[in-house]
Amino acid sequence: MSGLRELGLDFVEEGNWEKALASFAEAVRRQPGDHRARMLAARCYAKLSETERAVAVLHACAEGLLRRDFLLSAIAACRQALPLAPKEKRIRETLVRIHARASRMAGGRAAVPPPLPPEPLYDGQVTGDLLTLTGAALSDTAVAVLASPDPGGQADPGARPPLPLFAELEVDAFVELVELMELSSLGDGATLCAEGEGGDRLWVLVAGKAEVSRRVEGQERRVAFLGGGSIFGELSLLTGAPPTSTVRAVGDAEVLVVERRALNELARRFPSVPQALGAFAQARIARNIVASSPLFAPVPEAERAALLARFAFRGLQPGDVVIAEGQPVAALVLVLAGELVVQKEDPSGGSISLSVLREGEVAGEIALMKGLRATATVAATRKTAVATLDRDAFEALLKAYPPLREYLEGLSDRRLRQIGEAMRPAEVLDADELVVEV
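Because the structure is predicted, anything quoted here is derived from the model rather than measured.

Participant: I'd love a proper account of the packing of aromatic side chains, names of residues and values included.
Facilitator: For the structure shown, the criterion picks out two aromatic pairs. Their ring planes at 80° and their centres at 6.0 Å tell us that F166 and F174 sit as a pair that is edge-to-face. Side by side, F166 and F174 carry an identical accessibility label, which is buried. Between W203 and F232, the aromatic rings sit 6.2 Å apart at their centres with planes inclined by 5°, giving stacked as the arrangement. Taken as a pair, W203 in strand β3 (residues 201-216) and F232 in strand β5 (residues 231-232) lie far apart in primary sequence, 29 residues in all. Pair check on accessibility: W203 and F232 agree, each one buried.

Participant: Go over the side chain of R304 with me, naming the residues and quoting the values.
Facilitator: Structurally, the position occupied by R304 is in helix α12 (residues 304-308). In this structure, R304 is buried with no salt-bridge partner, the nearest side chain bearing the opposite charge being E301 at 5.1 Å. Setting aside chain neighbours within four positions, we find R304 in contact with V290, A291, F296, A297 and V299.

Participant: If you had to explain unusual backbone geometry to someone new, which residues and values would you point to?
Facilitator: Both trends apply: most residues other than glycine have a negative phi, and most peptide bonds are in trans. The phi dihedral of D69 falls on the positive side, at around 70°, and the residue is not glycine. Turning to its location among the elements, D69 is positioned in the loop between α4 (51-67) and α5 (71-81). Classification of D69 by relative accessible area gives buried; the value is 19%. The backbone phi angle of L165 is positive, close to 70°, even though this residue is not glycine.

Participant: Would you mind going over the sheet that holds strand β9 (residues 331-337) in detail, with residue names and values included?
Facilitator: Taken in spatial order, the four strands of this open sheet run β7-β14-β9-β12, and their pairing is antiparallel. Two strands lie at the open edges of the sheet, namely β7 (312-316) and β12 (362-363), each paired on one side alone. Two elements, β9 and β12, share two bridges in a ladder whose sense is antiparallel. The residue bridging V333 from the neighbouring strand is A363, located in β12. Along the sheet face, helix α11 (residues 272-292) touches β7 and β9 and points at about 110° away from the line of β9. Sitting on the sheet, helix α14 (residues 391-400) touches β9 and β14 (384-390), and the angle it makes with β14 is about 75°.

Participant: Just give me the short version of the sheet that holds strand β13 (residues 377-380), but keep the residues and values in it.
Facilitator: The strand order across the open sheet built from four strands is β8-β13-β10-β11, with neighbouring strands paired in antiparallel fashion. With partners counted over all chains shown, the strands left at the sheet margins are β8 (321-323) and β11 (351-357), one partner each. Put simply, the sheet's adjacent strands are angled 30° from each other on average, direction ignored. Alignment of strand β10 (residues 340-345) against β13, held across four bridges, turns out to be antiparallel.

Participant: Provide a residue-level description of helix α15 (residues 402-423), including the pertinent values.
Facilitator: Its 22 residues give α15 an end-to-end C-alpha distance of 32 Å, which sits within 8% of 32 Å, the value for a rise of 1.5 Å per residue. Within the sequence span of α15, burial applies to L404, L408, L411, S412, R415 and I419. Seen along its axis, α15 keeps its buried residues to an arc of 105°; they face one direction. Projecting away from the buried face of α15 at angles above 90 degrees are the exposed residues P402, E406, R417 and E421. Where α15 is buried, its residues meet β10, β11, β12, α13 (365-370) and α14.

Participant: Account for the environment of T388, with residues named and values stated.
Facilitator: Locating T388 in the fold gives a position in strand β14. Overall, the relative accessible area of 21% leaves T388 in the partly exposed class. Sequence separation of T388 and G3 is 385 residues, and the distance between their C-alpha atoms is 56 Å. In this structure, T388 is in contact with F311, A312, A331, L332 and V333, ignoring residues within four places of it in sequence.

So, how was this worked out
Residues numbered from 1 in each chain as written. Predicted model: local features only at pLDDT ≥ 70, side-chain atom pairs only at ≥ 80, totals over all residues. Heavy atoms only, no water. Phe/Tyr/Trp six-rings, centres within 6.5 Å; stacked < 30°, edge-to-face > 60°. Buried < 20%, exposed > 50% of the residue type's maximum accessible area, 1.4 Å probe, protein only. Helix = DSSP H or I, 4+ residues; strand = E, 2+ residues; numbered from the N terminus. Lys, Arg positive; Asp, Glu negative; His and termini not counted. Salt bridge = Lys/Arg side-chain N within 4 Å of Asp/Glu carboxyl O. Contact = heavy atoms within 4.5 Å. Pairing = 2+ DSSP bridges. Axes fitted to C-alpha atoms, helices over the stretch in contact; angles between N-to-C directions. Expected span 1.5 Å × (residues − 1). Arc of directions from axis to C-beta.

Below, the structure written as structure tokens:
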């Protein structure tokens, strides 16, 4: 039925909301599972000032998506309805049921079945092509189709469909978060977030795909694709660092987005929000690190997560020192997110910046490998997350994974040479070159 939906979108472009409604409603009459067409039809009702019918259609849409376990899309349908009817009880009840569906089987929680779905108001029993109708006849007939239940797609009642981050919130916080989020439709190539810019929003890709790219040696390179259900931006929110990648829509996409200001407002009322966001971000960081950090490359893939579990996690504020030059080094430091600067005191005064360490890089290995005191000071330049591995655990790690010792020894030697070159005094010019001819 995508042809009818495309026809409806053409009418939307023209601002012909009645013809668009007829096209979307006919698409749903032929295929009740076309929830995208239902949501678009609800928009038409809203444009035609038939708010109650728009809300009824969105409610039926959300219930059908919930029935099929498309929870993020069900949330999006509810979010589209909320501005139209802020006090509509049915929409909030559906949000509660979405949350219950995802969280009722989580570890440590009682297995309580969600409430029964509401009785349908319409049965969808309509014959004849809706494209032939206009005016009140179209509106009355279309709502009977659009607000009727989706008869298919009953999900496994024993399964727990994924709802990352949202399911970990208490239900009241979840409902308020949905209210605070903005629902947007994006076209092909639209930029969701740009590398090095902003970083004050949390994004949820509800439907569609997005391309992730990053500048490498001055060239923009694709590094991944994101599918529906992907959440991103949480690391920038937590660390204050700008995004390290650019994300663009591939084809049409729908996103939910919430700004830092709104999240802060919600966190003041619900302490579970920053806790859930932090836990989600930590899990994301862990997956990224074990997949990309050179430290884990010599370790068999199946053992990397267990290795990371030996580390202790720590948050740093700008200016916090994790390693001080001339002092004993107690642990290996692994950058999870953010940035550390490596500086060495200059005998002539001041300091020399040797390097900047970012995600996946380590510090402290020279002292730990060679039995030295710290050869430089390592400090956070902005909010940064690190993982530390104390000396005893570090020694055990080297014994368990000999290739790791080889990697760290090579890294230590390279860095010592870098320090030597940075601290070498400038060559004195030959005296003859200082003679000024008259």
